[in-house]
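One letter stands for each residue in the lines below.
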Amino acid sequence: MDNAPRKSQGLLFFLLLILFLSIFLFLQQEGIVNLFFDFPLQIKEETGILVIKKPKIEIQAPPPLRVEDTSAGKDLTKEGVIEWTNIERKNHSLSPLKENPLLDSSAEMKLQDMFQNQYFAHYSSSGIGVGELVEQSGYEFIVVGENLALGNFDGDQDLVEAWMNSPDHRKNILNTRYQEIGVAVGKGMFEGKEVWIAVQHFGLPLSACPQPDSQLKIKIDTNKRELDQLRTELENLQKEMASLKFRNRSLYRKKVKEYNSLVEQYNELFDETKDMISKYNIQVATFNSCITNPR
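Residues numbered from 1 in each chain as written. Predicted model: local features only at pLDDT ≥ 70, side-chain atom pairs only at ≥ 80, totals over all residues. Heavy atoms only, no water.

(A) View of the packing of aromatic side chains. By the definition in use, this model includes two aromatic pairs. Ring centres 5.1 Å apart and planes at 10° place the aromatic pair tyrosine 178 and phenylalanine 202 in the stacked group. A residue pair is termed long-range when its members are at least 10 positions apart, and tyrosine 178 in the loop between α7 (167-173) and β5 (180-190) and phenylalanine 202 in strand β6 (residues 193-205) qualify at 24 residues. Neither tyrosine 178 nor phenylalanine 202 differs from the other in exposure class; each is buried. Taking 6.4 Å as the distance between ring centres and 20° as the angle between the ring planes, the aromatic pair formed by tyrosine 266 and phenylalanine 270 counts as stacked. (Phe/Tyr/Trp six-rings, centres within 6.5 Å; stacked < 30°, edge-to-face > 60°. Helix = DSSP H or I, 4+ residues; strand = E, 2+ residues; numbered from the N terminus. Buried < 20%, exposed > 50% of the residue type's maximum accessible area, 1.4 Å probe, protein only.)

(B) Focus on the state of the cysteines. The final tally for this structure, using the stated rule, is one disulfide. Paired through a disulfide, cysteine 209 and cysteine 290 show a sulfur-sulfur distance of 2.0 Å. One disulfide, between cysteine 209 and cysteine 290, carries an S-S torsion of -80° and so falls in the left-handed class. Of the two residues, cysteine 209 sits in the loop between β6 and α8 (214-244) while cysteine 290 sits in helix α9 (residues 249-292), which places them 81 residues apart along the sequence. With relative accessibility at 1%, the residue cysteine 209 sits in the buried group. (Disulfide = S-S within 2.5 Å.)

(C) Expanded view of the packing of α8 against α9. Between α8 and α9, whose axes approach to 9 Å, the crossing angle comes to 160°. The angle between α8 and α9 places the two elements in the roughly antiparallel class. Pair α8 / α9 crosses with left-handed handedness. Looking at the contact of α8 with α9 residue by residue, the class counts come to 20 nonpolar, five polar and 12 charged. (Axes fitted to C-alpha atoms, helices over the stretch in contact; angles between N-to-C directions. Parallel < 35°, antiparallel > 145°, perpendicular 65-115°, else oblique. Left-handed = near helix turned anticlockwise from the far one by under 90°. Nonpolar A, V, L, I, M, F, W, Y, C, P; charged D, E, K, R; others polar.)

(D) How the structure looks around helix α6 (residues 156-164). For α6, the complete set of buried residues consists of Asp156, Leu159, Val160, Ala162, Trp163 and Met164. On its buried side, α6 packs onto β2 (65-66), α3 (78-91), β4 (141-151), α7 and β6. (Contact = heavy atoms within 4.5 Å.)

(E) Representation of the pattern of salt bridges in the model. Counting across every chain of the model gives nine salt bridges. The residue glutamate 258 makes a salt bridge to lysine 255 at a minimum N-O spacing of 3.7 Å. Of this pair, glutamate 258 and lysine 255 both sit in helix α9, three residues apart, roughly one helical turn. Note on glutamate 258: relative accessible area 39%, which makes it partly exposed. Each of Lys78, Glu99 and Asp104 takes part in salt bridges that share partners, so that together they form one network. (Salt bridge = Lys/Arg side-chain N within 4 Å of Asp/Glu carboxyl O.)

(F) Structural view of unusual backbone geometry. Located in the positive-phi region is glutamine 118, a residue other than glycine, with phi close to 50°. With relative accessibility at 36%, the residue glutamine 118 sits in the partly exposed group. Residues other than glycine seldom take positive phi values, yet glutamate 191 does so here, at roughly 55°. Looking at where glutamate 191 falls in the secondary structure, it is placed in the loop between β5 and β6.

(G) Broad picture of the side chain of arginine 89. Tracing the backbone through its elements, the reader meets arginine 89 in helix α3. Buried within the structure, arginine 89 lacks any salt-bridge partner; its nearest side chain of opposite charge belongs to glutamate 88, at an N-O separation of 10 Å. In this structure the side chain of arginine 89 is engaged in a polar contact, spanning 2.8 Å, whose partner is the backbone oxygen of isoleucine 173. Excluding residues within four positions of it along the chain, arginine 89 makes contact with Leu94, Ser95, Pro96, Leu97, Ile173, Leu174, Asn175 and Tyr178. (Lys, Arg positive; Asp, Glu negative; His and termini not counted. Polar contact = N/O pair within 3.5 Å; in protein donor to acceptor, adjacent residues only side chain to side chain.)

(H) Up close: the nonpolar core. Among the nonpolar cores identified, the biggest contains 29 residues, and Leu159 and Trp163 are the most heavily contacted of them. When residues of this core are traced back to their parent elements, those giving at least two are α3, β4, α6, β5, β6 and α9. In terms of residue count, the dominant contributor to this core is α6 (five residues). Those residues in contact with leucine 159 that lie beyond four places of it in its chain are Leu76, Val81, Ala149, Phe153 and Ala198. If you look at the next biggest cluster of nonpolar residues, it comprises 14 residues, including Leu227, Leu234, Tyr266 and Leu269. (Core = buried A, V, L, I, M, F, W, Y, C linked by side-chain atoms within 4.5 Å.)

(I) Local environment of the environment of lysine 245. Mapped onto the secondary structure, lysine 245 falls in the loop between α8 and α9. Here the alpha-carbon distance between lysine 245 and valine 256, two residues 11 residues apart in the chain, equals 9.7 Å.

Shape descriptors only; they carry no functional weight alone.
Rendered as structure tokens:
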């Protein structure tokens, strides 16, 4: 007698299941079920890009060295000044400075300007200093320095030794952050006397810091524009779906499928771009750290 109720319950459950499936198939055929089971997918949130910092420019310019000497002295040479500068650095276990033609150019501009306008200082009457001169020559830098000397010296070694005997000029010559050098020397009339003027320009180039991949940034920007376009299309589809949801179930279902397909495309491109942004941001952070704390 106990089996009869169980059989009745089992039969009732089976009939209810058949009824539910029948109703589900009918609703699906009529497009009603999609109003409840077709949900628009969510697009992913955008990732920000780090900003490349501008270098905090440092300029080292000790008071110009002027030697009052009435002797004729000996000729100075650019090559000799660079050689003896690097000898001093080697004597103090420092790496030699590499000659840079752009720094040679800025040093030559400084030399000619001082003779032409008859001044002996780091800044001209118009306020142009070593920073502006090296920029004009096209040299991108993090740190620059300038040593000036005026007088008649007993050759290149004597000139460099005079700078080394001056604590502030010595610091420039032995500065561990400098990697490159440019020199200009010349003899001319200054304040009615024929004298030599020597200019040293030191620099730590911007290229010493690892530059972020510019091509990667271009690809990121291209992807972001494409993402913006896709986002606009998705927003337009959202508006269409909102107007169709309770008016045209069949067309609404079609738009949801179209929308979800576009979301998948968007999210796939988003993930690709996110990975690129993550890589690029690491490069930017490394660069920013380098220019903030140059060695």
